[in-house]
Every structure is written in structure tokens, then in C-alpha cells.
Amino acid sequence: MFNLKKYYKVDAWQVIEEGFDKDYNRVTESIMSLGNGHMGLRGNFAEKYSGDSLQGTYIAGVYYPDKTIVGWWKNGYPEYFAKIANATNFIGIDLKIDDTVIDLNQVEFSSFKRVLNMKEAYLKRSFIVNINNQELEIIEKRFLNQKNKEIAAINYSIKALSGKHKLELKPYLDGNVKNEDANYGDFFWKGEEEINNEQQSLLSMKTKKSNFKVSTAMKWEVNKEYQELKKIKEKNYIADIITLKIEKGETVELKKYIALCTSRDYKKDLVNDQALEKVKSAAADGYQKLFAEHKKAWAKIWQESDIKIEGDLEAQQGIRFNIFHLNQTYTGHDPRLNIGPKGFTGEKYGGLTYWDTEAYCLPFYLATHSQEVAKNLLIYRYKHLEKAIENADKLGLKGALYPMVTINGEECHNEWEITFEEIHRNGAIAHAIKDYIDYTGDQEYIKDYGFEVLAEISRFWADRAHFNPRKDKYMIIGVTGPNEYENNINNNWYTNKIAVWTLKYTLENKEYLKNNYPERYQELVDKLQLSEEDYQLWQDMIEKMYYPYLDDYDIYAQQDGYLDKEQKLVSDLKEEDIPLHKNWSWDKILRSPYIKQADVLQGVYYFEDEFDQASMERHFDFYEPRTVHESSLSPCIYSIIAAEIGRKEKAYQLYLRTARLDLDNYNYDTDDGLHITSMAGTWMSIVKGFAGYEVKDSQLQFRPFLPKAWESYDFMIIFRGRRIKVEVNKEKIIFELEAGKKLTLKVYAEEYQLSAEQKLIIEK
Ligand code: BGC
């Protein structure tokens, strides 16, 4: 187990590794990942490295359907688990100095430094190698262009600090890359074409079964005349071996340009030409120009989504790290894409879409990007509606059941207790429609897309629930709630609640459509074959849904029988028990009362208007001491509720668990990749929790407080064409309208006007 929590140097804009710990390399590779929404890379070395490493290059939307692996097949299981295919390694530049292969697992080196610069989104690595008692300094800098997303560039330089040397530099493209998580060890790719001549260098690969063609073209330039150039072309591999001489004081600089194009964006027979053309123009522009446009694109991202914290550098680094990786993972430029829990930083979770997107990421994208970005996240699900209907049908149910895990709309998850039972995910997808419309005011969304999704989800709930005449109630049995530490339970309050909420919201929108767009409404009724019986059933379920309740505590029960379990608290656990999922048998976990992540509290968070302060407190006080937060999605929700009920210190403590989760490798699993989706939860803890921001009745509202440890914090909100800066310090709350029309907003229930002419300053 790693015990290196404070491994990286603390800095407001950078993550710095000084000195190289080989045993921690996988964690650092995750931390130092780069991405631009189109592709992503782990923080691997350009030159050969024979030590422990996960070489990772991932291209958004390019997946392989890996045949499902299960012990005991059950009807309804999906045939495959899609996995984002680990793609052509394009950063590779092997280096030989005086016939010694530079491999940091083999050679002597010093002054190692690997730095992730978050402000300008590049990775820089430097070290000094000692070859036959002579020293050379090597510096590598790379970025994935945020503006021109198919382009990457690497600047690799070698400076002789002493002696005369022969250098052999070998920029290459290697398609012989395997996914570490392949179920059957399959190689996911077929080689299509290798071109390597004086004019062009390109490697083209195609994923097996899914047939995505990925063409990677390379060009390079070197600042010094070389002795020899050898061109290599092998199966799924091309390389150029450049031989040159260097002596003390001289620097050799190799610039490698990459263009990566796929058949997702171009017709198959055009992909090669596109890549070749793009790399040519990138090389003609040159590293500096490409970097300048990349930097500019990132400056805009930071202008719209930065959070500044004064007085706590660790917190500052933590929140920027989260915002940085969210923006690297998803940029909203393509509605076919989504946000994998690990983004491009590892293979766990296959790079696929979970309910995390709607429940956690959507609020971040709504408030920090243009409306189109959030809309694209919704359209993604709209486009998968047919598949969700097929998915429900496969289980013998009506309506739409969105998958737990997907890339193209088809379910990939293959554990019955989750695939078939963790159906609350459907509710988050419906709720995202409300969140989007409330935030943007884009009512049209309902008529164009939203209603179809809502109606089919409602239809699913209506079929999945059953009426229990003995109790005169509807029930939903055999489910798994957000708390995955218990399965096959009956009447998970959260599931029943979000099901009824969906039914209500759908009926409300039915009325809205009927009154405002009667023709479109009729068209939808015909298309979806909705009838009065459907509506009546939904109404009946709304009125007669059963909600488990704990009378002794005056709170909702997580599920039927929760209180029959032996009631122990997290404070009763020993240190060696934690995390439970690593130290206890699954059976012991299932029998225990411990809650993996926000479950009832997820409902309190969604439907907080239905709880008064005292009731919220009772729910928090009962569930928080029983929750182990073994999903990274959990502490942020508790932190927001703690803030809501005025437990400022507790809110801050819970926030700390999320903010530096990966930087300090809290859960000992950052080697698998970063917790991208929960990073949005960290953002929520500050903006929704500490600043108490929400949109109610089309109005922005705030109820800010400042954590004791901080001097101040500020953040941006993009709201209906406006950009608003909010600063909270010890004495004041300051609002500034940086762009867009004036508005009225509420702070601690008082209304204020905010216009471009004047800052709004509220004394605390
Ligand atoms: C959580 C799920 C989540 C998934 C992906 C699991 O550990 O329990 O709620 O969707 O991780 O982040």
C-alpha cells in the first residue's frame, strides 16, 4: 500500500513531482494526464521505460466491444463491455546516447522533475543522465492542442553538459498497444496501413468488431544537421532513427507533431489524407504557434471556470486540479461524447458513461460553459432513447431503462445486482432535464427532446413498480440504491422517490405541451402511443407510492428493514477495516449497516425544498455516521447538505475529502486513473455548498460562507448569457457582472440588482 500522501509539491497552478519514485509512477502517470476532449494521454515518458507503467493513449468514442466475462451467465446480461481502446502510442521518442539506451529504470540520473502545468495545460519533464561520467540534460514538453483537437506536439531536447556524444533519436508511432483490462487478453486493433517515406509518415489502425479507423500522422524537425536518417516500417509500427552528434554546451531539439484523425469524424477513405494534411499544416505552423493557440483556448477556459482560493494553497491546487481535468475530459464539442469516471486517465470503468454525468457533472458544465455544452450532454441520452427502450424490453419491461454503463446506448454492465437492479440511474437522467431547463430557461427542450425521454422513463417506472393491495401502496422491490453495499433490497426510498418525481414532472410537462404546443403534443402522443390510462396510472402511483419510514428517528428509511441490521457506526470501525471493500468479504459488507455513498442523502440533496431545516438535520445526523464514503461521489453531497444546515466545519471537512482525493491518493487507487466525475462534486461543494448557489424560479440565489481556514474565494458563473464573478471574503460578498445583461439575484433571501456599471458589495 502506498504511504506517500503528500508526494507532490504544492503550487497554485502546477503539480510538481521532484525526484522520481518508481513505485509511485502509475499514480503520477494518472495525475499528469493530458486531454483535450478528443484524445488523452497518461503522463508516460516519451523515451523507453521498462519499469512499472501503464502506457495509455485514449481517443474519445473509439471503443472495442470486449466479450463479457461472468462466472454465471444470466439472461439479460449484455454480450460485451465496451472499452475505450488503448490506442497508438504517439508520444514515443526513444533515445540512445553513446549506445546506451535511455531508460530511467536502467540508467543513472538525477534532478528528475515532472510538472503538470494546469494554467497552460502542458506536461514538462526534465532530468540529467549520467553516461560514462558525462552529463546530459533532457527536457520534454508536450501538449494536446485544445483549439485544434486533432493535433499534439512534443518538444524533446538534449543538452550536453559535458563531453562529446553520439545521439540516436527515434520518434515513432506504435500501434502494438494492448488494453491492460482486456477480458480475454485480446488485441483490440487490426493494422491497416503503415506509410513511412521522405514525405509522409502515418500509421493507420482499425478497431476489431467496432471498425473505428484511427490514423496517426507524424512529422518532426530537428534543430541540427544529422549524420544519418533511417526509416523503419514494421507491422503496426513506424519510426525514424536520426543520428547526430552533440558536444558540451550544445542542445539538440526534436519537435514532433502529431495529427490524429478518426472515422468518427471523416469517411473511412479520407481519414489518412486528413491526418497527413493536418500534420503538415501543424508542422508548418510550428510548435510556438500551436502552443500559443492552445494557451489562448485554455485562458478562455480558466476565465470562465476558475476558482481562486486565498489562504490555503493546498485547497487552491486541489480545486484547480479538478477543474483542469474536467475541462480536459469533456469540452462539449461533440454530442456523441460523454464523461467517463476516469476520463482519459486510465482504463477502469472502460471510459464509459454512468449516471455520474447527470447527477454530478451537469451542474459544473451548466455553470461554467455555454448552454450548448450542457445541452449536448442531454442530447447524448436523447439519442440513446431507442436503445434504452430495447434495454427495458430485454428485461421484460415497458418504457426506457437507461444503462448503468454505456458508450453507444447499449448496456455494458454485467452484474445482475447493478445491471438489473440499480435502476435509480433512470431518475438522474430525467432530473437532468429539469436541471437544464431551470438553469437555461430553454423550455423548448421539452417539446423538441425532453418529453419523449420523460414519458418513456415514466412508463418504465410504472411497469417496474407494482401495486400491493394489502397495503394499498405501490412498491418497487428488488433494487439496489446508490448504496451499492446492499443489493436486492425492497423499497429503496431514494428510488421510489425519484420514480414518483419523474412521474410528476412528466405529467406537469404533458400539461405544458398540451397548452402551449397542442400540435406537437398530439404528434408526440401518437409517436409514443400515450393514453389516458398511462396518465391515470402515473397519477395513482404518485398518490399511493410507499416510502419506508423510521418512526423512531422521524426520517425516511434507506429501504425496508434497514433498521433491522446491527446498528454500528463508522466510529466503531478499526483503522484496518477501512476501506471496507478492500478489507472485508463482500458478504460481510452486505450484512453490515455501512453505507457506501449518499443514498437517502442523495434524495435530500435533489429534493431539499421538501425538507425543513430540522428534518434535513435529522437525516444528516442519522446517515452521516453510517456512511463510509467509499465512492468518491459521496462526500460532496454530504458536504453540501452540511453547509445547508449550517454545519460549516463539517462541510469543510467533507470537502477536504474530495478536493485532494487524487493528489493525495486518499483511496489508494489513483494508479487506476483519476476520479473525474467526482471532481465535479468538488466544484459543487464550493459553489453549491459554501456559496449556497442555486437557481430558483429563474433567479440566481446565494447563501455564502467562508471556511475558517480561507481568506477568501472567488468563482465564475455563466448564467443565461452572463458571466458573473462571485467573491466571498471575511467581510464582504462581492458580485461583478463581467459580461451580459443586468439581473436581479438573491443573497440570503434578499433581492439585489447587479449591473455592469457597478459591483454589488454586501457587507456580512
Ligand atoms: C459508484 C457508482 C458510480 C460508479 C462510477 C461506483 O463506485 O458506486 O455510483 O456510478 O462508481 O463512478
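Residue numbers here run from 1 along each chain, matching the order of that chain's written sequence. A pLDDT threshold of at least 70 governs which residues receive local features in this predicted model, and a stricter bar of 80 or more applies before side-chain atom pairs are shown or counted, although totals over entire chains, interfaces and linings include all residues. As a convention, hydrogens and water are excluded, and side-chain values are obtained from all of the structure's heavy atoms.

Considerations on the pairing of strand β12 (residues 164–174)
For a regular strand, side-chain orientation follows a simple rule: the groups alternate between the two sheet faces.
Then, in step 1: Relative accessibility under 20% of the residue-type maximum defines a buried residue, over 50% an exposed one, and the middle range a partly exposed one, all with a 1.4 Å probe and only protein chains included. Numbering of helices and strands runs from the N terminus, with a helix taken as a DSSP run of H or I at least four residues long and a strand as a DSSP run of E at least two residues long. Most of β12 is tucked away: 8 of the 11 residues are buried.
Then, in step 2: Relative to β12, strand β6 (residues 93–97) runs antiparallel, the two sharing 5 bridges. Along β12, the bridge assignment pairs D94 with K170.
Then, in step 3: One bridge is not enough; two strands pair if DSSP finds at least two bridges between them. Of the strand pairs in this sheet, β12 and strand β17 (residues 237–247) are connected by 9 bridges, and their pairing is antiparallel. Residue H165 lies in a different strand from β17, and its bridge partner there is I246.

With respect to the side chain of S631
Then, in step 1: For S631, the position within the fold is in the loop between α17 (613–623) and α18 (634–644).
Then, in step 2: Overall, S631 belongs to the buried group, its relative accessible area being 10%.

Here we look at the side chain of K596
Then, in step 1: Checked against the element boundaries, K596 lands in the loop between α15 (586–591) and α16 (600–606).
Then, in step 2: Whether two residues touch is decided by their heavy atoms; if any such pair falls within 4.5 Å, the residues are in contact. When neighbours within four sequence positions are excluded, K596 is seen to be in contact with N483, E484, Y485, T627, V628, H629, E630, S631 and S634.

Focus: the site of the ligand
Then, in step 1: By convention in this text, a residue qualifies as near a molecule or strand provided that one of its non-hydrogen atoms is within 4 Å of it. Taken together, P341, Y349, Y354, W355, D356, E484, K596, Q597, S631 and L633 form the complete shell of residues around the ligand.
Then, in step 2: Between the ligand and W355, the relevant distance is 3.0 Å, taken from an oxygen atom to a side-chain nitrogen or oxygen of the residue.
Then, in step 3: A distance of 2.5 Å separates an oxygen atom of the ligand from a polar atom in the side chain of D356.
Then, in step 4: For every accessible area listed, the method is Shrake-Rupley and the probe measures 1.4 Å; residues are considered covered only by the protein chains on display. In isolation the ligand offers 310 Å² of accessible surface; the protein chains occlude 90% of this area.
Then, in step 5: Here the ligand occupies the largest pocket.
Then, in step 6: A breakdown of the residues in the shell around the ligand according to their chemical character gives 5 nonpolar, 2 polar and 3 charged. Any pair of nitrogen or oxygen atoms within 3.5 Å is treated as a polar contact; in protein, a donor-acceptor pairing is required on top of that, and neighbouring residues in sequence qualify only through side-chain atoms on both sides. Cavities and pockets are defined on a 1 Å grid built over the protein atoms alone: a cavity is a set of grid points where a 1.4 Å probe fits but cannot escape, while a pocket is an open set with protein on both sides within 12 Å along at least five of seven lines, and lining residues are those with an atom within 4 Å of any such point. Placement in a cavity or pocket follows one criterion, namely that more than half of the molecule's atoms lie within 2 Å of its grid points. Any residue that is not Ala, Val, Leu, Ile, Met, Phe, Trp, Tyr, Cys, Pro, Asp, Glu, Lys or Arg is counted as polar, Gly included; the first ten are nonpolar and the last four charged.

Here's the deal with the UniProt feature "domain: Glycoside hydrolase family 65 N-terminal" (unreviewed entry) in the protein chain
Then, in step 1: UniProt positions are given in the numbering used here, feature names are shortened, and annotations may be inferred rather than shown by experiment. With numbering aligned to this structure, UniProt lists the feature "domain: Glycoside hydrolase family 65 N-terminal" (unreviewed entry) at residues 16–264.
Then, in step 2: In this annotation, residues 16–264 is assigned 3% helix and 56% strand; the end-to-end C-alpha distance for the span is 36 Å.

Points about the pattern of salt bridges
Close approach of charged atoms lets side chains of opposite charge pair.
Then, in step 1: Salt bridge, as applied in this entry: a Lys or Arg side-chain nitrogen positioned within 4 Å of an Asp or Glu carboxyl oxygen. With the rule as written, the count across this model stands at 58 salt bridges.
Then, in step 2: Notably, a salt bridge pairs D472 with K544, separated by 3.5 Å at the nearest N-O pair. A residue pair is termed long-range when its members are at least 10 positions apart, and D472 in the loop between β20 (466–468) and β21 (473–475) and K544 in helix α13 (residues 532–544) qualify at 72 residues.
Then, in step 3: We note a salt bridge from D609 to K696, for which the minimum N-O separation is 3.2 Å.

A short note on helix α2 (residues 271–285)
Then, in step 1: Helices are assigned an expected span. That span is 1.5 Å times one less than the residue count. In a regular helix each residue adds 1.5 Å, so 15 residues correspond to 21 Å; α2 covers 21 Å between its end C-alpha atoms and thus fits that length.
Then, in step 2: Those residues of α2 that fall on the buried side of the exposure criterion are V271, N272, A275, L276, V279, A282 and A283. Summarising the axial view, the buried residues of α2 lie within an arc of 130°, below the 170-degree limit, and thus occupy one face. Seen from the buried face of α2, the exposed residues on the opposite side, beyond 90 degrees, are E277, K280 and A284.
Then, in step 3: Contact partners of the buried residues in α2: β11 (151–160), β13 (189–196), β14 (201–207), β15 (213–222), β18 (251–262) and α3 (287–305).
Then, in step 4: Just downstream of α2 lies G286, where phi reads positive at about 90°. Taken from the helix axis, the directions to the C-beta atoms give the arc we talk about.

Quick notes on the sheet that holds β15
Then, in step 1: Across the sheet, 9 strands lie side by side as β1-β8-β9-β10-β11-β18-β15-β14-β13; this open sheet has antiparallel pairing. In this open sheet, the two strands that pair with only one neighbour each are β1 (14–18) and β13. With direction set aside, neighbouring strand axes in the sheet form an average angle of 15°.
Then, in step 2: Of the pairings in the sheet, the one linking β11 to β18 comprises 9 bridges and is antiparallel in character. To get an axis, fit a line to the C-alpha atoms, keeping to the stretch in contact for a helix; angles then go from 0 to 180 degrees between the N-to-C directions.

A short note on the layout of surface pockets
Remark: the empty space left among the atoms is shown by a probe the size of a water molecule rolled over them.
Then, in step 1: Grid points are joined across faces, edges and corners, and a volume is the space filled by probe spheres set on the points. The volume enclosed by the largest pocket comes to roughly 1100 Å³.
Then, in step 2: Around the largest pocket, the lining is made up of 39 residues, and of these K348, Y349, Y354, E484 and K596 lie nearest the centre.
Then, in step 3: Listed by contribution, the elements that provide at least two residues to the lining of the largest pocket are β5 (80–86), α8 (416–419), α14 (580–583) and α20 (676–690).
Then, in step 4: When its residues are assigned to classes, the lining of the largest pocket shows 11 nonpolar, 13 polar and 15 charged.
Then, in step 5: Of the pockets and cavities examined, the second largest pocket occupies roughly 730 Å³.
Then, in step 6: In this structure, the second largest pocket is lined by 27 residues; those nearest its centre are D435, Y606, K688, E694 and V695.
Then, in step 7: Elements with a minimum of two residues in the lining of the second largest pocket: α5 (356–368), α9 (425–440), α16, α18 and β24 (694–696).

Quick word on the sheet that holds β5
Each strand in a sheet pairs with another by means of backbone hydrogen bonds, the pair being arranged parallel or else antiparallel.
Then, in step 1: Spatially, the 4 strands line up as an open sheet ordered β2-β3-β4-β5, and their pairing is antiparallel. Since the sheet does not close on itself, it has two edges, and those belong to β2 (34–35) and β5, each with one partner.
Then, in step 2: Relative to strand β4 (residues 57–67), strand β3 (residues 39–41) runs antiparallel, the two sharing 3 bridges. Note that in β4 the partner of L41 across the bridge is T57.

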